[in-house]
Amino acid sequence: MRLSAFKIYVFTSFTNLMDLLSSYLAFSYGYVELNGFMPITHNSYLACLLSVMVFQLLISVVYYVSRFYGNVSIINVVLGIAKVMVSVHNLSLIM
């Protein structure tokens, strides 16, 4: 059974949302964001939101390209699995 590029895009978008929510939950326990937006914004919530928005833009561009070149959608699979690992890490910080 072959997954369509749209289903892969939905999966990656969902894992991106789970990263945002798990990060916000971790921030409520005192953890801080350590991405490149933090020195600019000085706010963990805003830095995380900007990071997730840029990532969503990236996976949207990859999805658009994968509509024409089908094998490109494998990039979204890899990015989605990476976001699963990030979400699991955020949740493990809390526990």
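Look a little higher up for the structure.
Residues numbered from 1 in each chain as written. Predicted model: local features only at pLDDT ≥ 70, side-chain atom pairs only at ≥ 80, totals over all residues. Heavy atoms only, no water.

*Asks:* Explain the packing of aromatic side chains to me, and be specific about the residues and the numbers.
*Replies:* Applying the stated criterion across every chain yields a total of six aromatic pairs. When the ring of Tyr64 is compared with that of Phe68, the centres are 5.3 Å apart and the planes differ by 80 degrees; the resulting orientation is edge-to-face. For Tyr64, a relative accessible area of 48% puts it in the partly exposed group. Among the aromatic residues, those joined into a cluster by ring pairs are Phe6, Tyr9 and Tyr63. Over the ring of Phe68 we find Arg67, and its NZ or CZ is 6.0 Å from the ring centre. Across the ring face of Phe55, the terminal group of Lys83 is positioned such that the distance to the ring centre comes to 4.4 Å. (Phe/Tyr/Trp six-rings, centres within 6.5 Å; stacked < 30°, edge-to-face > 60°. Buried < 20%, exposed > 50% of the residue type's maximum accessible area, 1.4 Å probe, protein only. Lys NZ or Arg CZ within 6 Å of the ring centre and 35° of its normal.)

*Asks:* Outline the packing of helix H1 (residues 5-27) against helix H3 (residues 44-66), supporting the account with residue identities and numerical values.
*Replies:* Where H1 contacts H3, the two axes come as close as 10 Å, and the packing angle between them is 175 degrees. Judged by the angle between their axes, H1 and H3 are roughly antiparallel. Residues Ala5, Phe6, Tyr9, Thr12, Ser13, Asn16, Asp19, Leu20, Ser23, Tyr24 and Phe27 of H1 form the contact with H3, whose own contacting residues are Ser44, Tyr45, Cys48, Leu49, Val52, Phe55, Gln56, Ile59, Ser60, Tyr63 and Ser66. In terms of residue class, the contact of H1 with H3 is made up of 13 nonpolar, eight polar and one charged. (Axes fitted to C-alpha atoms, helices over the stretch in contact; angles between N-to-C directions. Helix = DSSP H or I, 4+ residues; strand = E, 2+ residues; numbered from the N terminus. Parallel < 35°, antiparallel > 145°, perpendicular 65-115°, else oblique. Contact = heavy atoms within 4.5 Å. Nonpolar A, V, L, I, M, F, W, Y, C, P; charged D, E, K, R; others polar.)

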